Amino acid sequence: MPNTVLSRTPFRLATNRNADRSESALQSLREFLDPAFTAAARSEIRSWPGYAATPLIDLTGVARAVRVATIWYKDEGSRFGVGSFKALGGGYAVARIAARHVMRTAGLAGLSSLDLLSDRYRKIAAQATVTCATDGNHGRAVAWAAHKFGCRAVVYMASIVSPLREQAIQSFGAATIRSQGTHEDAARESREVAQRNGWFVVSETENASEPQIAFDTLAGYTTLLDEIASQLPDDRPPTHMFVQAGVGGLAATAACYGAARWGAARPVLIVVEALNADCILRSLELGEPVVVAGELDTIMAGLAAGETSGYAWRSLRVGAGFGMSIPDGAAVETMRLLADAPYGDPPVVAGESGVAGLAATLLAAQDESTRELIGLDETSRIVTIGTEGATDPAVYERLVGRPPGLP
Ligand SMILES: Cc1ncc(COP(=O)(O)O)c(C=O)c1O
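Conventions used here
Residues numbered from 1 in each chain as written. Predicted model: local features only at pLDDT ≥ 70, side-chain atom pairs only at ≥ 80, totals over all residues. Heavy atoms only, no water. Helix = DSSP H or I, 4+ residues; strand = E, 2+ residues; numbered from the N terminus. Rg over C-alpha atoms; globule rule 2.2 N^0.38 Å. Buried < 20%, exposed > 50% of the residue type's maximum accessible area, 1.4 Å probe, protein only. Contact = heavy atoms within 4.5 Å. Lys, Arg positive; Asp, Glu negative; His and termini not counted. Charge placed at Lys NZ, Arg CZ, Asp CG, Glu CD. Core = buried A, V, L, I, M, F, W, Y, C linked by side-chain atoms within 4.5 Å. Domains from an automatic or database assignment. Expected span 1.5 Å × (residues − 1). Arc of directions from axis to C-beta. Near = heavy atom within 4 Å. Polar contact = N/O pair within 3.5 Å; in protein donor to acceptor, adjacent residues only side chain to side chain. Areas by Shrake-Rupley, 256 points an atom, 1.4 Å probe, with all protein chains shown as cover. 1 Å grid on protein atoms, 1.4 Å probe; cavity = no way out; pocket = protein on both sides within 12 Å on 5 of 7 lines; lining within 4 Å. Sits in = over half its atoms within 2 Å of the grid points. Nonpolar A, V, L, I, M, F, W, Y, C, P; charged D, E, K, R; others polar.

Trainee: Whenever I open this one, the overall build of the protein confuses me. Can you help?
Mentor: Helices and strands together make up the secondary structure of the protein, namely 17 helices and 11 strands. For the protein, the C-alpha radius of gyration of 20 Å lies close to 22 Å, the compact-globule estimate for 407 residues. Judged by the C-alpha coordinates and their principal axes, the protein covers about 65 × 50 × 40 Å. Of all 407 residues assigned to the protein, the portion counted as buried reaches 60%. In the protein, once contacts between residues fewer than 6 apart in sequence are set aside, the share between residues at least 24 apart is 75%. Distance between charge centres in the protein, computed from 37 positive and 44 negative side chains, equals 5 Å.

Structure, rendered in structure tokens:
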């Protein structure tokens, strides 16, 4: 019987009956995010000043406690000083928008985002405006990249987004606009304003002004997966990846990257959501996209999405093994577990959406029937992605009981 590391709270698990590990499914995942295209994105991101691979932390202590071989936690808290993995996706999409705008206007070809960092093209780049809707992290990434690559940013957000998250976005010089309604209302407003003014909507969903922007976003995310692959201690692929999802862009990227990198030996992908915003789990159950209506009430703000991205769904439909949705309490306990490190692992500061994959791993590994269903045992080598640090320090302090980083 594995130890109980988290309280035994109810969670949901769904088997994806369309999961397909055939050679043709493998090929379609490889083609969806073409490896040459994603490699170009990674090499551009690695050229940016301040780039550093984020740490892959080995949580052997807690892994032993739940009777698996290893749990790795990819800690995105330090990513480009933005605090989350979104710097890679929205950040790269903005860089490419700025580069395409300058090339079109100045009649140039082959401009990299690095070229934009020189003062030469700043006046032209400043004529382009990027916009998006955000729960916090995506907007911060877009504002950061707009500031870096010289374009204007206008970020829309729902009324419930916390004041500290809004301030973080404004600190990069972006204008912020609060919608009176939900995230979906904010997304609609940004889309309409963009259409009227010729702005660019940065999104990994069909909200993006052009599909290229969504694909650039996903390609940027492959950076963190590629880092993980080179940080693993040997050439063996992980057996499982637990990846949290809002609209599913990161999880879909993990499916495609896994197929391209490890082929038939790729890890089983478990897509993790909040119990009250489990649109992907329900879609996997039904075999077609399901919209979850209502408040999407969860403290895991980055996961509060009621509808999956159509782009993500195309690869998750065959590439996800399971959907799992977890209660807020499991995320809070996992934040405290990482901060207190009672099993001898290094302490980690992590935000409430950031810990979801790890929380799901622990809930799954300490439950006998779930272990059996998803194939977890003492030899399992599990990758989780800590998608954010303490992106809202006030929320962190309220949930963990002390400010980020204090022992
Ligand atoms: C910290 C964090 N983790 C995970 C996600 C989910 O990513 P996606 O919307 O690509 O599924 C988000 C989205 O905003 C996020 O902010």
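From this point, things continue past the structure.
Trainee: What exactly am I supposed to notice about the nonpolar core here?
Mentor: For soluble globular proteins, the rule of thumb is that nonpolar side chains tend to be buried together. Judged by nonpolar contacts, the single largest core of 134 residues is most densely connected at I71, V130, F242, L269, L316, I326 and L362. In terms of residue count, the dominant contributor to this core is helix α4 (residues 86–106) (11 residues). Here this core spans two domains, and each of domain 1 (12–84 + 214–400) and domain 2 (86–210) adds at least three residues to it. With near-sequence residues (within four places) excluded, L269 lies in contact with M241, V243, A251, A254, A255, L316, G319, A320, G321 and F322. Formed by nine residues, the second largest nonpolar core is a distinct cluster that contains Y156, V193, A194 and V201.

Trainee: Sorry, what's going on with helix α2 (residues 35–46) here?
Mentor: Two residues of an α-helix separated by three or four positions point the same way, owing to the 3.6 residues in each turn. Helix length check: α2, at 12 residues, gives a terminal C-alpha distance of 16 Å against a target of 16 Å (1.5 Å per residue), a fit within 8%. Along α2, the residues that are buried comprise T38, A41, R42, E44 and I45. Along the axis of α2, the buried positions cluster into a sector of 165°, meaning they face one direction only. Where the residues of α2 are buried, they touch α4, α5 (113–116), α10 (211–231) and α11 (249–262).

Trainee: Would you take a moment to explain the site of the ligand for this structure?
Mentor: Looking at the ligand, there are 16 residues lining it, with N137, E204, G246, G248 and T387 nearest. At 2.4 Å from an oxygen atom of the ligand is found a side-chain nitrogen or oxygen belonging to E204. Protein chains shield 95% of the accessible area of the ligand, which is 390 Å² for the free molecule. More than half of the atoms of the ligand fall within 2 Å of the grid points belonging to the largest pocket. Of the residues that constitute the shell around the ligand, the class distribution is five nonpolar, eight polar and three charged. Two domains share the shell around the ligand, each providing at least three of its residues, namely domain 1 (12–84 + 214–400) and domain 2 (86–210).

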